Amino acid sequence: MDRLSTSSECPDKVYDLAIIGAGPAGSLAAALAARAGLSVIMFEQKKHPRTKICGGFISSRAISLLPHDLELLSLQSQPVYQISVIKNRTPHTYNSKTRLGLVLKRDKLDQLLAEYAVRTGVKLKENETVESVQTVKPDGNNKDLYLFKTTKNEDVNIFASYLIIADGANSNNADQVGLSGKHRFCGWGLSKIINLKSPVAETGILKFYPLPFLGGMGWSFSGSDWANHGVGGLAGRKYLARAYNKLFPSEAKGNREQGKLNSWPLPFLGPLKKNANYNSIAIGDAAGLVEPFSGEGLYNSFKSAHLAISAILKSMAEIDSQVTAAEIYNPLFRKYFYFAFIKTLPGAALLHARSILASSTLPSQIAALMNNSLWFNQALDLSAIGTDRLLVKDIGD
Ligand SMILES: Cc1cc2nc3c(=O)[nH]c(=O)nc-3n(C[C@H](O)[C@H](O)[C@H](O)COP(=O)(O)OP(=O)(O)OC[C@H]3O[C@@H](n4cnc5c(N)ncnc54)[C@H](O)[C@@H]3O)c2cc1C
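So, a few notes on the structure that sits alongside this text. (Residues numbered from 1 in each chain as written. Predicted model: local features only at pLDDT ≥ 70, side-chain atom pairs only at ≥ 80, totals over all residues. Heavy atoms only, no water.)

Let us now look at the overall build of the protein chain. For the protein chain, the count of helices and strands is 10 helices and 18 strands. Its C-alpha atoms give the protein chain a radius of gyration of 21 Å, near enough to 21 Å, the size a compact globule of 397 residues would have. Projected onto its principal axes, the C-alpha coordinates of the protein chain cover approximately 70 × 45 × 40 Å. By residue count, 55% of the 397 residues in the protein chain fall in the buried class. (Helix = DSSP H or I, 4+ residues; strand = E, 2+ residues; numbered from the N terminus. Rg over C-alpha atoms; globule rule 2.2 N^0.38 Å. Buried < 20%, exposed > 50% of the residue type's maximum accessible area, 1.4 Å probe, protein only.)

Written out as structure tokens, the structure is:
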């Protein structure tokens, strides 16, 4: 951790909480904190709506962790009730009685969440990249604070008592405050949005295509007049790109107006790493919390946002005894991520084996995974960590 030993900085503005990255993890954490009465500043290097490479599926378990007054259904989306696994051109289908989630465009979801955070009182600074973070002890302060250097704040010192790092899979801020930082071993996902000339006949179905190597899966998720095609897994990007071209051969012929096939890391080993130190906590992809089998990241992003805010609020309440956020977060993290992950790894390996050897049984298993009802799933009990009230409290605007 980079620490200034003297204290010449003038605290121009001290926020209770600063958040780096206004993706889904950062925006939810920001909104929960603001609703609890904290002053919150959030830095985002881009401007919403910004592109994020993603399959665009948000599961019902992820939705259940979002504020109830977030107008998710104001976005164009397709409810999902069916999962199809297609192996050797044969589809194996599972129909669910309950909604499994929504297919939508990620840039719109992320914009909605960031705007929601602003409505709760968060100061959002877009087009502003955090370049470095230091811990400092300004005069008259008995606690270390975080001080930010951004692309825009040359003349103003911005300080915060607590820090959440939510700057995604390529996080370059985590290691500056003593967290694990870069995810050197991870999966990769490649995807592309295909704009269709006519509306899709079959919407609301998640179609999966198991790939013939460990940890690989292709997908096609349909919106109303667009589809999200992609592949993900543990193999290298070149191999995955070849698998994509084989699965979607008409696109391989180079239909340029359909955009580029882009790749992004799928970090999943975060539960084994250090994700909290002093009063800083990494969440979402920055913490490496993608679900190892499916590559689903939104659920664990939201789960970690709840745990982080719960820890920060408890640390603030214990201000006299100076209990740090990390001291409260680490046991929660061990319970909800580390121990869960130890069970999830063999569970994910079994699901991969099933996808190759017994594909017909896979759709119902994927649905069970998304419903948190597989033997290795561990749902987050919001009332036990105390953030449930932040989802429903009237913010009066
Ligand atoms: C191909 C692919 C498909 C996927 N499909 C799904 C899916 O269908 N469903 C699902 O649940 N998950 C899916 N995931 C995973 C999901 O996209 C991630 O888990 C999720 O985006 C994590 O959210 P986050 O807020 O942690 O990070 P991000 O969404 O990456 O947000 C991080 C934010 O931080 C900003 N930032 C970065 N550095 C700085 C800085 N220095 N200063 C200021 N701002 C900064 C970035 O601009 C960005 O806005 C997929 C991933 C991939 C790669």
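Now that the structure is up, let's keep going.
Turning next to the nonpolar core. Ranked by size, the top nonpolar core spans 79 residues in total, and within it Leu17, Ile58, Leu72, Phe148 and Ile164 carry the most contacts. In terms of residue count, the dominant contributor to this core is helix H6 (residues 298–317) (10 residues). Listed in part, the 23 residues of the second largest apolar core include Phe57, Leu100, Met217 and Leu351. (Core = buried A, V, L, I, M, F, W, Y, C linked by side-chain atoms within 4.5 Å.)

Next up on the list: the sheet that holds strand E4 (residues 77–80). On the basis of which strands lie adjacent, the open sheet formed by three strands has the order E3-E7-E4 and antiparallel pairing. The strands lining the two open edges of the sheet, one partner per strand, are strand E3 (57–59) and E4. Averaged over neighbouring strand pairs, the angle between their axes works out to 25° when direction is ignored. With four bridges joining them, E4 and strand E7 (residues 101–104) adopt antiparallel strand pairing. Pairing of serine 77 across the sheet is with leucine 104, part of E7. (Pairing = 2+ DSSP bridges. Axes fitted to C-alpha atoms, helices over the stretch in contact; angles between N-to-C directions.)

Time to look at the side chain of serine 301. By secondary structure assignment, the location of serine 301 is in helix H6. A relative accessible area of 7% means that serine 301 is categorised as buried. Within the structure, serine 301 has its side chain in polar contact with the backbone oxygen of glycine 297 (distance 2.9 Å). (Polar contact = N/O pair within 3.5 Å; in protein donor to acceptor, adjacent residues only side chain to side chain.)

Attention shifts here to the packing of aromatic side chains. In total, this model carries 12 aromatic pairs according to the counting rule given. With a centroid separation of 5.3 Å and an interplanar angle of 90°, the aromatic rings of tryptophan 375 and phenylalanine 376 are classed as edge-to-face. We classify tryptophan 375 as exposed; its relative accessible area is 51%. Through pairs of rings, three or more aromatic residues link up here, namely Phe57, Phe208, Trp219 and Phe221. The ring of tyrosine 15 is capped by lysine 13, whose NZ or CZ atom sits 5.0 Å from the centre of that ring. (Phe/Tyr/Trp six-rings, centres within 6.5 Å; stacked < 30°, edge-to-face > 60°. Lys NZ or Arg CZ within 6 Å of the ring centre and 35° of its normal.)

As summarised here, the arrangement of the seven strands in space is E6-E5-E13-E14-E15-E12-E16, forming an open sheet in which the pairing is mixed. Each end of this open sheet is capped by a strand with a single partner; those strands are strand E6 (90–95) and strand E16 (262–266). Sheet twist, expressed as the average angle between the axes of neighbouring strands with direction ignored, equals 20°. Relative to strand E15 (residues 226–233), strand E14 (residues 217–222) is paired through six bridges, and the arrangement is antiparallel. Paired with serine 220 across the bridge in E15 is histidine 229. On top of the sheet, helix H4 (residues 237–247) reaches strand E12 (187–195), strand E13 (205–210), E14, E15 and E16; it is set at about 140° to E15, its chief contact. Lying over the sheet, helix H8 (residues 362–370) contacts strand E5 (82–87), E6, E13 and E14, oriented at roughly 140° with respect to E5. (Contact = heavy atoms within 4.5 Å.)

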